[in-house]
Amino acid sequence: MKILSGIQPSGQLHIGNYFGMMQPMINNMDRGELYAFIVNFHALTTVHDPKSIERDTLGAAADFLALGLDPDRCFFWVQSDVPEVTELTWILSTLTPMGLLERCHSYKDKIAKGIAPSHGLFSYPVLMAADILLYQANIVPVGKDQKQHVEVARDIAQKFNNTYGETFIIPEPEINHTVATVPGLDGQKMSKSYGNTIGIFLEEKALKKSVMSIVTDSKPVEEPKDPDTCNLYNIYKLFAPVDRLQEVHDLYVKGGAMYGKIKLELVDILWEYFRAAREKRKQLVSNPDHIRDILKKGADKARQKAIGTLDLVRERVGLLY
Ligand code: ADP
Ligand code: TRP
């Protein structure tokens, strides 16, 4: 069983990334062969500042390692260090119907947010399909927003297999439905590209500022409220201990929930929740060469797998002569 997922170095990683992808990946280390990688080619579709891509690539690696990913028990690398993925992307793109990409919500959402509609942004799902198929992944743990992209990868794999003969495993998305979409500060999906995140490793002051800016309604304290539609509650419930969560739930339903107080409590809970990982991260970032070394070794291991698949693909499509 091969489990694979990637994350973009397009900003500081946040609690949506943590629940949607990082925690499921870290928990899956013993379930099969795990492939975790930082997708810097994908990040180029939205970020054109080289310094920030470099910083966020090392930053995302430090985050993963600090949160418990063990590079000796998985494949952990940076996408561009295995250049075979771009060749597979091209080959797959020659089989990808335009309509399949035109239907992708993520592309439409991004251009609606003002991101320039480049060819790379449009064909992003083909690169993602190449990521998945190159390593013959069975399972792809992602947040709900990425389900459609995994379905595109399945369609492309099926088309390839039908055209050229059985070659690719058909991957399955795996979504943790209890936290499928973590809401952002403004109630939309939390996303680096929407500027509405709570970073995993914020400094205490910045963490407080973020949490205090979670948008809530202006109902008076004593008025009963629906916890399920409250953005603050929906973030709070991801971290609060069960007993306390029940108490806060009752305050919402019966009246008496004070948003300011719940926010301050959430700051403390978050600070404690990531305390050990924060300490570990501090050590890791003090030695970036050690992180680079881990990533380069991971890329060497991953590349061996990639070359095996690509050799077969070249033969299948007629590039060996
Ligand atoms: P972002 O939208 O912040 O740029 P990415 O697109 O890099 O995040 O997503 C990386 C992983 O984190 C994906 O598996 C994605 O589904 C997951 N993810 C991102 N935001 C959320 C969220 N708000 N809730 C749940 N999962 C999320
Ligand atoms: N598109 C994914 C996202 O934005 C990141 C990604 C790239 C990915 N390649 C992947 C996720 C392969 C899973 C598998 O979140």
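For the structure given in this document, a descriptive report is provided here. Quick caveat, the model's predicted, so the values are computed rather than measured. (Residues numbered from 1 in each chain as written. Chains lettered and ligands numbered in written order. Predicted model: local features only at pLDDT ≥ 70, side-chain atom pairs only at ≥ 80, totals over all residues. Heavy atoms only, no water.)

Regarding the pattern of salt bridges
Pairs can form between side chains of opposite charge once their charged atoms are near each other.
No. 1: What the rule picks out here adds up to 19 salt bridges.
No. 2: A salt bridge links Lys51 to Glu54; its shortest N-O distance comes to 3.6 Å. With a gap of 3 residues between them, Lys51 and Glu54 both fall in helix α3 (residues 50-66), about one helical turn apart.
No. 3: When its relative accessible area of 49% is taken as the criterion, Glu54 is described as partly exposed.
No. 4: Linking Lys296 and Asp81 is a salt bridge whose minimum nitrogen-to-oxygen distance equals 3.2 Å. Of this pair, Lys296 sits in helix α14 (residues 288-317) while Asp81 sits in the loop between β3 (75-78) and α4 (84-93), and the two are 215 residues apart along the sequence. (Salt bridge = Lys/Arg side-chain N within 4 Å of Asp/Glu carboxyl O. Helix = DSSP H or I, 4+ residues; strand = E, 2+ residues; numbered from the N terminus. Buried < 20%, exposed > 50% of the residue type's maximum accessible area, 1.4 Å probe, protein only.)

Side note on the nonpolar core
No. 1: Phe76 and Ile198 are the most contacted members of the largest nonpolar core, which has 62 residues in total.
No. 2: Beyond its immediate stretch of four places on either side in the chain, Ile198 contacts His14, Ile15, Leu185, Met190, Leu207, Ser210, Val211, Ile214, Ile235 and Leu270.
No. 3: Core analysis: the next-biggest nonpolar cluster, separate from the first, contains 45 residues, Leu4, Ile115, Met128 and Ala157 among them. (Core = buried A, V, L, I, M, F, W, Y, C linked by side-chain atoms within 4.5 Å. Contact = heavy atoms within 4.5 Å.)

Some thoughts on empty space enclosed by the protein
No. 1: Inspection of the entire model under this criterion finds 1 cavity of 30 Å³ or more.
No. 2: Approximately 40 Å³ is the volume found for the largest cavity.
No. 3: What lines the largest cavity is simply Ser106, Tyr107, Lys110, Leu121, Tyr124, Pro125 and His149.
No. 4: Where the lining of the largest cavity is concerned, the elements lending two or more residues are α6 (105-112) and α7 (119-134). (1 Å grid on protein atoms, 1.4 Å probe; cavity = no way out; pocket = protein on both sides within 12 Å on 5 of 7 lines; lining within 4 Å. Points joined across faces, edges and corners; volume = space filled by probe spheres on them.)

Observations concerning the site of ligand 1
No. 1: Neighbouring ligand 1 are 19 residues; His14, Gly143, Asp145, Val182 and Lys192 lie closest to it.
No. 2: His14 has a polar side-chain atom sitting 2.7 Å from an oxygen atom of ligand 1.
No. 3: In this structure, a nitrogen atom belonging to ligand 1 sits 3.2 Å away from a main-chain N or O atom of Gly16.
No. 4: When ligand 1 is considered free in solution it has 540 Å² of accessible area, and contact with the protein chains removes 95% of it.
No. 5: Its atoms largely coinciding with the cavity grid, ligand 1 occupies the largest pocket.
No. 6: Per-element tally for the shell around ligand 1: the top contributor is helix α1 (residues 15-27), with 4 residues. (Near = heavy atom within 4 Å. Polar contact = N/O pair within 3.5 Å; in protein donor to acceptor, adjacent residues only side chain to side chain. Areas by Shrake-Rupley, 256 points an atom, 1.4 Å probe, with all protein chains shown as cover. Sits in = over half its atoms within 2 Å of the grid points.)

The values are spatial; any link to function lies outside them.
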